Each structure stands twice: as C-alpha cells, then as structure tokens.
Amino acid sequence: MLLQPRYPSRIERHTPIKHVADEVIRRCLQDLYRSYYPKQRVLDAIHHEAQPIPSAPQTRLPESFQTGTISHESAPAKILPRRYELASPLDIVSLIAELLAGSTRENVALPLSTSDLTRFHSKTPPNTTVYDYLHQLTVYNVLTPPVLLTALIYVVRLCEAQPGFELNCLTVHRLFLACVTVASKSVSDSFWKNAYYAYIGGVSARELSMLELELLRYLHWNVVTRHDELFNCYVILIDRHAGYQL
C-alpha cells in the first residue's frame, strides 16, 4: 500500500525550490511515522519531549581529588612482576631514587674533612634531585632494569669496601653516573660511548673516564653480578617501598 503524502496546498510563487522540497520531505516523514506507530505512542513521545529535563545531581568530590593529590594511605600499591627483567625501568628508578635520597638525607649533617674527599665529590650540590637525575640517565641512555640494579650493587660494594666513603648530596650523582657507565658495559651487549654518557650526566668525557677508573679501583675490578644478587636487590627495594609490591 502506497502512502499518499500531504503536499502543501498552497505554495507561494516566489518560494525557493529548496524550501518546497524540505516541506514535502518533512510531511512525508510525518505520514510514515504515524503509519508505523500507534497514536498513543505518538502522544506519549510528544508528552515525554515536553517534560522538563531534570537537573543533574550535585556531586561533591573527595578533598584529595579537589586538591589534585591522593594520600598514600588510600592509594593501592602497584604490583610489579616477579621477574625484574620485565619491570618498567622507571619503576626501578623510583625504587632506587628513594633509597639513595634517604641515604643522602641521613648523611647531610655529617662533617666532611679534606682527607675524605674523593673524585666523586662535587664542589657544590647539583640543582637536580636524585630522582630527576636518575630519570634523565635512564630515559636518554635507554637503561634496562638489570643495568640499574647492577649499578646499585656497585654502590653497595663501594660503600662496603670503603667504610669512610659517605653517600651524600655531593657524591651520589657522580657516583651513580660512573656505576651506570660500568654496568652498561658489563651487562649489556651494546652500549654508548663515554662521550654520550658524559653529555647526559653533565660532565666531560675525560672526567667520566677518570670516574670510571676510580670506581673500578674501589671495586677491585669486580664488576660481575649474579642473578640471585640482582633478584635479592630487587626484592629488598620493593619491600622497603610502600607504593610497590610483588
């Protein structure tokens, strides 16, 4: 059955053709709608459209969201993979940075004598934080979790071999730069030249070579690390950090 649309009964002489076509299409659609839907449903639809739109309920955000910060007590701990090779390098950076920053804060008040100075001591404390410095080294040098954990083991070995050495704000940056350079060469199959490590670390290539040699002498050239050492270091870092867990 063909529908008989109601065309306009009267069209003005100067009415544009487009307006006439729009009116014809509109009335055809109305006839189709009324033929497929009962009258009551049409009235219900019209009544529903006439109802005012209710206003959205006022929702108050928690204070932690309003200030833009989330308390550590309510934030769930991030679960890291059991294998340290699969962990994100930036998560390893966060773990190591907190450990080193805590050690430097504890040693900041210790007196420093001229005999305690080493090549790792800076004249003045760097302007960058430990986390920012490690983050910069990791991102631009494309460091992997095994390299970062190996570098931290070198720091521990040096402190054990030299009890008088203090890990503070004057030594932590240059020492970790040297440890990262040596760890990259001992762990990775491919690594950068010293000039690139020095450029990212903020020292000259000649200075980095002397820092590297000084570190190797302190370590007695023992740069080999075992899998169980890296795993134990990884577990200890996670256990002492409230924001991570295995």
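Coordinates for the structure precede this section.
These remarks concern the structure in this document. Note on numbering: residues in each chain are counted from 1, in written sequence order. Where local features are concerned, this predicted model is filtered to residues with pLDDT of at least 70; where side-chain atom pairs are given and counted, the filter is 80 or more; whole-chain, interface and lining totals use all residues. For the side-chain quantities, the full set of heavy atoms in the structure was used; hydrogens and water were omitted.

**A few points about the packing of aromatic side chains**
So, point 1. Each pair of aromatic rings taken from Phe, Tyr and Trp, with Trp reduced to its six-membered ring, is defined by centres within 6.5 Å and is described as stacked if the planes are under 30 degrees apart, edge-to-face if over 60, and tilted in the remaining cases. Across all of its chains, the model carries four aromatic pairs by this definition.
So, point 2. Summarising the aromatic geometry, the rings of F120 and F165 are spaced 6.2 Å apart at their centres and angled 85° between planes, so their arrangement reads as edge-to-face. Taken together, the residues span a long stretch of sequence, with F120 in the loop between α4 (89-107) and α5 (130-141) and F165 in the loop between α6 (145-161) and α7 (172-187) at a distance of 45 residues. Per residue, the accessibility class of F120 equals that of F165, and both read buried.
So, point 3. A network of ring pairs unites the aromatic residues F120, F165 and Y218 as a single cluster. Numbering of helices and strands runs from the N terminus; a helix is a DSSP stretch of H or I covering at least four residues, while a strand is a stretch of E covering at least two. A simple rule labels every residue: compare its accessible area, found with a 1.4 Å probe on the protein chains alone, to the largest value its type can have, and call it buried under 20%, exposed over 50%, or partly exposed in between.

**Here's the deal with helix α8 (residues 194-201)**
So, point 1. Every buried residue of α8 is listed here: N194, Y197, A198, I200 and G201. The arc enclosing the buried residues of α8, seen along the axis, measures out at 165°, which places them on a common side.
So, point 2. Looking at the buried side of α8, the elements it contacts are α5, α7 and α9 (205-218).
So, point 3. Just downstream of α8, G202 is the residue with a positive phi angle, here 85°. In this context, the arc is that of the directions from the helix axis out to the C-beta atoms. Only heavy atoms matter for contacts: two residues are in contact if any of them lie within 4.5 Å across the pair.

**Structural notes on a nonpolar patch on the surface**
So, point 1. On the surface, a cluster of nonpolar side chains totalling about 270 Å² of accessible area is made up of L90, V139 and Y140.
So, point 2. Mapped onto the elements, L90 comes out in helix α4. Patch definition: residues with relative accessible area over 30% and no salt bridge; like charges joined within 9 Å; nonpolar side chains (Val, Leu, Ile, Met, Phe, Trp, Tyr) joined within 5 Å. Using the Shrake-Rupley algorithm and a 1.4 Å probe, accessible areas are obtained, with residue cover drawn only from the displayed protein chains. In the sections that follow, a salt bridge refers to a side-chain nitrogen of Lys or Arg positioned within 4 Å of a carboxyl oxygen of Asp or Glu.

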